[in-house]
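If you want the building blocks of each chain, they are given just below.
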Amino acid sequence: MIRAWHIALLLGVVGLLTLFYKGLWGDPRAIPTVLVGTPAPTFSGPEVNTGEIISLNHFSGKVVVMNFWASWCFECQQEHENLLAINRRFGSDPNFVMLGINYQDREEDARNYLKVYGNNFNHVRDLKGTISIDFGVYGVPETFVLDQQGIIRYKQVGPIIGPVYTHLTEKVIQPLLQGPLPQAL
Amino acid sequence: MKRILIIALLSLLTTSSVSIADTVEEQILDIKTREIAKTLRCAVCQTESVWESNAELARQMRQVIRERLAQGQSAEEIRNYFLSRYGDYILLEPRKSGMNWLLWVGPFVLLGIGGVLLYRTLGRWVAQTALIKPEETLPIDALHRQRIEQELRSLEK
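Heads up: these notes are all about the structure in this document. (Residues numbered from 1 in each chain as written. Chains lettered and ligands numbered in written order. Predicted model: local features only at pLDDT ≥ 70, side-chain atom pairs only at ≥ 80, totals over all residues.)

## What about the overall build of chain B?
Helices and strands together make up the secondary structure of chain B, namely five helices and zero strands. Helices and strands appear in chain B in the N-to-C order α-α-α-α-α. The buried share among the 157 residues of chain B stands at 13%. For chain B, contacts bridging at least 24 residues in sequence account for 46% of all contacts bridging at least 6. (Helix = DSSP H or I, 4+ residues; strand = E, 2+ residues; numbered from the N terminus. Buried ≥ 20, exposed ≤ 12 C-beta atoms within 10 Å, placed from the backbone. Contact = placed C-beta atoms within 7 Å.)

## Observations concerning the packing of helix H2 (residues 74–90) of chain A against helix H5 (residues 163–178) of chain A
Residue and element names in this part refer to chain A. Relative orientation of the contacting elements H2 and H5 amounts to 30°, with a least axis distance of 12 Å. Between H2 and H5, the angle is such that the two are roughly parallel. At the point where H2 passes H5, the crossing takes the right-handed sense. Seen from H2, the contacting residues are Asn82, Ile86, Arg89 and Phe90; seen from H5, they are Tyr165, Thr169, Ile173 and Leu177. (Axes fitted to C-alpha atoms, helices over the stretch in contact; angles between N-to-C directions. Parallel < 35°, antiparallel > 145°, perpendicular 65-115°, else oblique. Left-handed = near helix turned anticlockwise from the far one by under 90°.)

## Some words on the sheet that holds strand S6 (residues 142–146) of chain A
Residues and elements named next belong to chain A. Across the sheet, five strands lie side by side as S5-S4-S3-S6-S7; this open sheet has mixed pairing. Strands at the two margins of the open sheet, each flanked by one partner only, are strand S5 (122–125) and strand S7 (152–157). For this sheet, the mean angle separating the axes of adjacent strands, direction not counted, is 20°. Each of strand S3 (63–69), strand S4 (96–102), S6 and S7 touches H5; the most contacted strand, S7, lies at about 170° to it. (Pairing = 2+ DSSP bridges.)

## Observations regarding the interface of chain B and chain A
In this complex, chain B contributes 12 residues to the contact, which on the side of chain A involves 12 residues. Those elements that place two or more of their residues in the side of chain B that touches chain A are helix H2 (56–70) and helix H3 (75–86) of chain B. Here the element with the most residues in the side of chain B that touches chain A is H2(B); it accounts for six residues. The residue makeup of the side of chain B that touches chain A, split by class, is seven nonpolar, three polar and two charged. (Nonpolar A, V, L, I, M, F, W, Y, C, P; charged D, E, K, R; others polar.)

The analysis is restricted to geometry; functional conclusions fall outside its scope.
Given below as structure tokens:
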């Protein structure tokens with residue numbers, strides 16, 4: 001009886017220590033996403049440079065890469081060249097669209113940023129933060145990939161650099177454009 | 001002239017009562033916004049609620065709460081909306097369902113187990129160190145007895 005108690009206690013302590021050890025690693029600020037696999041919320045807003053109203057509905061039936069960014073965000077600068085490269089590579093495909101969502105930024109700063117770092121796709125201004133909240137965004141950069149049915153298939157918190165860039169282009173965008181849709185990305 | 005005065009007075013009363021009603025409605029919206037925002041975690045500051053935080057995201061979330069309340073949504077519907085966007089993380093108080101029960105019940109279960117273990121251990125210690133009966137004590141030898149009596153006498157003086 002006592003031995004059973006001791007084993008149960010030992011297992012409990014080991015379990016708690018394992019959880020504690022696991023908790024020490026990873027980003028404590030990371031919020032597990034709940035949106036992957038769900039339909040993307042619709043939105044519309046003015047384009048940063050032209051002011052033209054852009055709506056997600058305009059792109060139904062296409063694979064959409066949405067990147068949330070801000071001019072004050074250092075990691076956004078790090079990934080910017082890769083975002084341009086993604087649109088250079090897939091932009092000619094009629095089933096592909098790349099969209100930037102400008103987050104908590106001033107219009108003038110956003111325009112200057114695009115002038116300085118270059119631009120080859122449209123950017124929607126999130127004027128009241130509602131697009132970001134609808135997508136559960138809590139910082140920048142964050143990137144979402146929507147499939148041709150408008151389902152969120154992938155979410156990346158942090159910059160699209162190094163292996164993340166390779167994974168996004170080879171294992172996410174390319175297969176989604178080719179179809180049939182893979183179950184897990 | 002009299003008629004004009006009455007009309008002016010009536011329109012003044014109507015306008016002020018409408019503005020009072022608007023103010024009351026705004027105050028009710030503010031109170032409800034605060035109640036909901038206090039239950040949501042600020043996603044960028046972690047230890048603060050959406051109500052307490054000065055972060056831009058928290059400010060925007062408060063605005064979303066207010067707009068949804070104005071549209072007639074209930075507190076539960078608004079909390080569910082944020083839950084559907086950010087998951088359980090957004091709630092300052094975990095929901096009482098599924099694995100979350102571990103968080104609610106776990107500390108009490110651990111406290112109970114600790115109490116039982118403490119009770120058993122203390123019981124064992126008490127049993128091992130039973131009180132010594134007087135007859136089991138060693139008799140004092142003559143020399144010590146003499147010394148004690150001497151000390152007592154000196155105290156009585």
